[in-house]
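# Remarks on the overall topology
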Amino acid sequence: MKPGIITAEELARLVTEWARAGAVYAPVRVRDWTEFRRISSLGEADFSRINTKLPVRSLLFPQCETMFRFKTDEPGRVEEPPEPEPQVILGVRPCDAAGIALLDKFFSGQGETDTYYQRRREKTMLIGLACNSPADTCFCTAVLGSPSGTRGLDLLLTDLGGRYLAEGDIAEVCRRFGIGSPSLAEAGDADLARKKELADKAAATITQQIDTGKLKQLLDAADNHPVWEELSLPCVNCAACTFVCPTCHCFDITDETRKGSGARIRVWDTCQSCIYSQHASGHNPRATPASRFRNRTMDKFRYTVDMIGEVSCVGCGRCGVECPAGIDIRETVETLFAALGTKQTKDAVQKAEGKTGKQQ
Amino acid sequence: MSTSDTSAASFEPKIVAFLCNWCSYAGADLAGISRIQYPPSIRVIRVPCSGRVDPFYILKALLFGADGVLVSGCHPGDCHYLTGNYVARRRFAVLNDLLDFAGIDQGRVSFSWVSAAEGERFAEVVREVTEKVRQLGPNHKLVKQECG
Amino acid sequence: MSREDQLRKRARDLLAAREVVMVIGYRAGRRPGTTVPAFITRPEDTDKLIFNDRCGANLTAYLPRIPKTAKVAIVAKGCDSRSIVALLKEKQVERSKLVILGVGCEGIKVDGQLSDSCTTCGYPNPVIFDEMVGETRDMTETSDVSDRVPDPLADLESLSPDERWHSLMEDVARCIRCYACRQVCPNCYCPTCFVDTNNPQWVGKTTAGSDNMLFHLMRAMHMAGRCVECGTCHRACPMGIDLMKFNRKVARIVRDRFGTVAGIDPDEPPALAAFDPNDRQEFIK
C-alpha cells in the first residue's frame, strides 16, 4: 500500500465523520498535560506533548471496568455490559502502539483470551502520530522501537507541516466506521524523503542504548544478587510506574454488592504493592521492597522474553517522569549492567556516565 | 440509593444513630419505656462507647443510603470508660469541621451527649436532628457511586 | 566551604568513624534537575550527596524501614525534622539511633516555581537536629505566616457548600489510586492501610468519585494532628491533585481547636490521642 498525503483539513473532516459514526479519542489538554479523551472535532486535540499522562492502554483496559452485574437472588444469571462502540484512537505514539501490540500478546496470545480486553480491541483502530521531536525521557530505540514505528498501528501519520504522510490502510479504518473512504493523493518522492529525514533525525536524538539480549542473560542469573537491595531503597512501593506503563496489565477483581444486586469490577493492580502477592495464609513471597522492585524490572526485561519472546519495556519514559522518588529505569538498567559484571558498549557507557573508561 | 420518600412535604429521612451502650442507648430505652413519641427516623446501632465510633462508620452510613447520622455518648466526665468520650470529642470535632469544609451540609451529621436518665432529652435530640435532615433533603453528595 | 561540601564531609566522617552505618540524603537523578533519595553506606560514596531546591522528598518516610538496631544519619529540612518529631511521638523511631543533619531550606521548586506547600512554610529550619549543615534560614521564629501570604484556603472557603463539594470532587476525580501520596508520607506506616483491608472493606477499590473522596477524606482524618504539611504527597501525585487543601485544613482545625501544631514537641502526645476536659464542644447537642 503506497503512502498517501492527507492535509490537515481533510483529516479534520474525517475526524468529524468518524465522531458521528462512533467514538474518536485523541490527546486533549488537561491542566499541564494531555490525556486521551473523546473528541468530536480535530480542533479539540492537542498533539503538542510527546506522551499523554496515562498510556493508550487505559482506553482498552480501563482503570475500572464492570465485568458483569448480578442479582443475589438469581444465581447463575449475569447481565453482560453493553457492547463497546467502534472507536478510533488518534495521535497514538509508536511506543504506546507497540505497547498495545504487546498487550495483544498477553491478553490473547497465550491460549486463553481476555474477552473484556478483546471486545474493545476488536472495535478499536489506532492511528499513530510519529514523534518528530522525542523528549529527553524517551528511549524507544534502546528497546527495539522507533519514533516512527508502525507496530500496532492501523495507520501512521507523520506531520510534514500542515499535511501528514499517511502509511497504512485508511480505507479499512473508514470501512470499520461504515463511511466512505477518502482517496488520498499519493505521496511524492519529496514527501517520502522529508519523512525519512524527520524519522532519522528523531531517532538520532535518542542516545540511550540497552543491550537487551545481554541484559536478559544477566538477569537470568541475578535472582539473589544484592544489587536489588540497593536499587530498591529509594522505591516507595506506590503504583505510579505501573499505572503509567503502556504494557503493565495486572488487575484485581472486586465484587460490590448492595441490597441484592451488585457488580463484579476489574481494577488495576500493581506488583509494587506490599500486599500484591500476599497469601490468605499470611505468607508473602514478595514481602520485601527489593523483591518487588526486582519483579518489575525482571518482568520487563526477562520474564516477558521467556513468555512471549520480547522485552516489554517500550521506552516511553513515563515511569521515570512520574516516580515520586525520581527512579529512572534507564539508570536502573545501567546499574544492573555495572553490578552484574559486564561491559556495555563503550559508546553507551560514555553517553550515560559522561566519563570515559569507567570500569564496569 | 435512599428509598425514603423524597417529596418535599413528606420526606422521611433515614438516620443512623450510633448510641453508646451505657448512656445514650439507655436514654433511648428510657424514652421507649416512658412511651415518649419521637419520629421513627433513626436506626440505632449500639456501641460500647462513643469513642468506639470510627469516622468510617459515619461516612459509610451516608455512603450506603443514610440521609443523616447521629452519634451520641455520655456527658464529658461521665464516660463509663472514663476518657472515651473525651477522645471522641476531639475526633468528632475534626470530622465535623472537615465535612463542613468538604461541603457536606452542617446538620447532616450530628453529635450529642445524652445520659441514661435523659429519656425526654433523647427524644428531643431525635426530633431536632430529624427536622434538620428533613430540611436538608435526601443525601445526594456522599453517595456510593459506580465506576465505569 | 559550601553547604554541600560540609554535608559530604560530615557524612564521610560519620561513616568512616563508624558512628552511623548509613547516611540518608539526596543524590542527583538521571534527568537534569531531579533528585533521588540516597542511602550511602561507604565513605567514598558521600560525594554523591547533594542539597538543592529540588530535594523535595521527605526522607523521614524511609526511617520506619530501617532496622531499629541500626544507627543512621539523616538529612532533614524543617518539615522533615518535624516528621521525625511526629514519629518519635508515635514510637516509630528511636532518637538515640538518629544523627539528624539539619539543613535550612529555602523552599522546594517544581518546574522552576515554589512548591505550593512551601509558600506557607513556617518551619524552614529544623526543629530538632544533632548538627546544622550550613546556615539556618533567617526568619522570625513563628509558625504563623498569615501576615505574609494570602490564605490558600480562602478561595475554597468562600464558596457555598455545594460549590466546595463539586470543586473537591472534581479534583479527586482524577485520582488513579496509585497511593503515591500515602507511600511517600512518613505518617503512613501502618502495616495494613485501611484501603487494603477487605474484611471489612472500608473503601471500594475503584476510582468511582465517592470512593476517591472517601479515601482522601479519611486519609485527611488520619493525618489530623500528625501532618506537617511538607507537601511531598502533593508533589508525588501524578495527577496533580491539590492535596494541600485537605492537609492544610486538618492542620488548621487542630491548631485552632486544640492549640497544637504537629511535629514540634516530642513530649506532647499527638493531638487526637489526647484530650482537654475543656475542649470546645459547641457543635455537640
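Residue positions are given per chain, counting from 1 as you read along its sequence in written order. Here chains are named by letter from A upward and ligands by number from 1 upward, in the order in which they appear as written. Thresholds applied to this predicted model are a pLDDT of at least 70 for local features of residues and 80 or more for the giving and counting of side-chain atom pairs; totals over whole chains, interfaces and linings are not thresholded and use all residues.

To continue, consider the overall build of chain C. From N to C terminus, chain C includes eight helices and eight strands. Taking 285 residues into account, the globule formula puts the C-alpha radius of gyration at 19 Å, and chain C, at 19 Å, falls close to it. Any residue whose C-beta has 12 or fewer other C-beta atoms within 10 Å is treated as exposed, any with 20 or more as buried, and any in between as partly exposed, C-beta atoms being built from the backbone. Of all 285 residues assigned to chain C, the portion counted as buried reaches 48%. Working definition of a contact: two residues with C-beta atoms, positioned from the backbone, lying within 7 Å. A fraction of 70% describes how many contacts in chain C between residues 6 or more apart in sequence connect residues 24 or more apart. The way it works is that DSSP assigns letters per residue, a run of H or I at least four long becomes a helix, a run of E at least two long becomes a strand, and they are numbered from the N terminus. Just to be clear, the radius of gyration here is over C-alpha atoms, and the globule rule we use is 2.2 Å times residues to the power 0.38.

The subject of this paragraph is the interface of chain A and chain B. Opposite the six residues of chain A that make contact, chain B presents four residues. Elements represented by at least two residues in the side of chain A that touches chain B include exactly strand S4 (64-71) and strand S12 (261-268) of chain A. Ten residues, namely Ala, Val, Leu, Ile, Met, Phe, Trp, Tyr, Cys and Pro, are considered nonpolar, four, namely Asp, Glu, Lys and Arg, are considered charged, and the remaining ones, Gly among them, are considered polar. Residue composition of the side of chain A that touches chain B, by class: four nonpolar, no polar and two charged.

Residues and elements named next belong to chain A. A pair of strands is treated as paired once DSSP finds two or more bridges between them. Taken together, the four strands give an open sheet; going across it, the order is S5-S4-S12-S11, and neighbouring strands pair in antiparallel fashion. Where the open sheet ends on each side, the last strands, each with one partner, are strand S5 (78-79) and strand S11 (251-258). The pairing of S4 with S5 spans two bridges and is antiparallel. Opposite arginine 69, over in S5, you have glutamate 79 as the bridge partner.

This paragraph deals with the interface of chain C and chain B. On the chain B side, the residues contacting the 32 residues of chain C number 34 residues. The element contributing the most residues to the side of chain C that touches chain B is helix H6 (residues 209-223) of chain C, with seven residues. Grouping the amino acids of the side of chain C that touches chain B by side-chain chemistry returns 21 nonpolar, five polar and six charged.

This paragraph deals with the domain arrangement of chain C. Residue and element names in this part refer to chain C. Those domain boundaries reflect an automatic or database domain assignment. Domain boundaries assigned for chain C yield domain 1 (3-132) and domain 2 (154-271). The gap between the C-alpha centroids of domain 1 and domain 2 is 24 Å. Opposite the 23 residues of domain 1 that make contact, domain 2 presents 20 residues. For the side of domain 1 that touches domain 2, the leading source of residues is helix H2 (residues 78-89), giving nine residues. Its residues placed into classes, the side of domain 1 that touches domain 2 shows eleven nonpolar, seven polar and five charged.

Once that is clear, we can look at the sheet that holds strand S2 (residues 23-30) of chain A. In a beta sheet, neighbouring strands are held together by backbone hydrogen bonds and run either parallel or antiparallel to one another. Residues and elements named next belong to chain A. Read across the open sheet, the eight strands follow the order S3-S2-S6-S7-S8-S9-S1-S10; overall the sheet is mixed. Only two strands of the sheet have a single neighbouring strand rather than two, namely strand S3 (33-39) and strand S10 (185-186). Where S2 lies against strand S6 (residues 87-92), three bridges are found, and the strand directions are parallel. What sits directly across from alanine 23, in S6, is glutamine 87.

Let's shift gears to unusual backbone geometry. For the bond running from asparagine 199 of chain C to proline 200 of chain C, omega is 5°, close enough to zero to count as cis. Secondary-structure assignment places proline 200 of chain C in the loop between helix H5 (180-184) and H6. Positive phi outside glycine occurs at lysine 259 of chain A, with the angle close to 50°. Among the residues examined, lysine 259 of chain A registers 11 C-beta atoms within 10 Å and is labelled exposed.

A separate point is the packing of helix H1 (residues 24-33) of chain B against helix H4 (residues 119-136) of chain B. Residues and elements named next belong to chain B. Axis separation between H1 and H4 bottoms out at 7 Å; the angle between their running directions is 95°. Considering the angle they form, H1 stands roughly perpendicular to H4. Of H4, the residues touching H1 (which contributes Ser24, Gly27, Ala28, Leu30 and Ala31) are Gly119, Glu120, Phe122 and Ala123. Counted by class, the contact of H1 with H4 contains five nonpolar, three polar and one charged residues. The convention used is that axes are lines fitted to C-alpha atoms, helices contributing only their stretch in contact, and that angles between N-to-C directions extend from 0 to 180 degrees. By definition in this entry, angles of less than 35 degrees are roughly parallel, angles greater than 145 are roughly antiparallel, angles of 65 to 115 are roughly perpendicular, and the rest are oblique.

Let's shift gears to the nonpolar core. Counting residues in each nonpolar core, the largest one holds 223 residues, and the members touching the most others are Leu98 of chain B together with Ile74 and Val250 of chain C. In terms of residues, this core owes the most to one element, helix H3 (residues 84-102) of chain B, which gives nine residues. Here leucine 98 of chain B is in contact with Leu217, Ala220, Met221, Lys249, Val250 and Ile253 of chain C, once residues within four sequence places are set aside. For our purposes the nonpolar core covers buried Ala, Val, Leu, Ile, Met, Phe, Trp, Tyr and Cys residues that link as a set through C-beta atoms within 7 Å.

Mapped onto the fold, alanine 73 of chain C is located in strand S4 (residues 72-76). Once you skip the residues sitting within four places of it in the chain, alanine 73 of chain C turns out to touch Ala11, Leu14, Val20, Val23, Ile24, Val99 and Leu101 of chain C.

As a further point, take helix H2 (residues 55-63) of chain B. Burial within H2 of chain B is extensive, with seven of its nine residues counted as buried. Every buried residue of H2 of chain B is listed here: Pro55, Ile58, Leu59, Lys60, Ala61, Leu62 and Leu63 of chain B. Contact partners of the buried residues in H2 of chain B: strand S1 (15-20), strand S3 (68-73), H3 and strand S4 (109-113) of chain B together with H6 of chain C. Following H2 of chain B by one or two positions, glycine 65 of chain B adopts a phi angle in the positive range, close to 125°.

Turning our eyes to something else, we now look at the environment of arginine 89 of chain B. With respect to the helices, strands and loops of the structure, arginine 89 of chain B is situated in helix H3. For arginine 89 of chain B, a count of 25 C-beta atoms within 10 Å translates into the label buried. Residues arginine 89 of chain B and valine 109 of chain B, 20 residues apart in the sequence, show an inter-C-alpha distance of 14 Å. Look past the residues within four positions of arginine 89 of chain B in its chain and what remains in contact with it is Pro76 of chain B together with Phe275, Asp279 and Gln281 of chain C.

It is worth spelling out the pairing of strand S9 (residues 163-168) of chain A at this point. Residues and elements named next belong to chain A. Of all six residues in S9, five are buried, a share of seventy percent or more. Bridging between strand S1 (residues 4-7) and S9 involves four bridges; their strand directions are antiparallel. The residue bridging isoleucine 5 from the neighbouring strand is leucine 165, located in S9. If you look at the hairpin formed by strand S8 (residues 155-159) and S9, you'll find three residues sitting between the two strands, and glycine 161 has a positive phi there, around 105°.

What follows is about the environment of glutamate 112 of chain A. The topology assignment puts glutamate 112 of chain A in the loop between helix H3 (94-108) and helix H4 (115-122). Residues glutamate 112 of chain A and isoleucine 6 of chain A lie 106 residues apart in sequence; the distance between their C-alpha atoms is 39 Å.

Let us look at helix H1 (residues 3-16) of chain C. All names here are of chain C. In this model H1 runs 20 Å from its N-terminal to its C-terminal C-alpha over 14 residues, within 8% of the 20 Å that 1.5 Å per residue would give. Buried positions along H1 lie against strand S1 (22-28), strand S2 (35-40), strand S3 (49-50), S4, strand S5 (98-102) and strand S8 (131-132). Looking at the residues trailing H1, positive phi occurs at arginine 18, about 60°. Expected span of a helix, by definition, is 1.5 Å for each gap between consecutive residues, and there is one gap fewer than residues.

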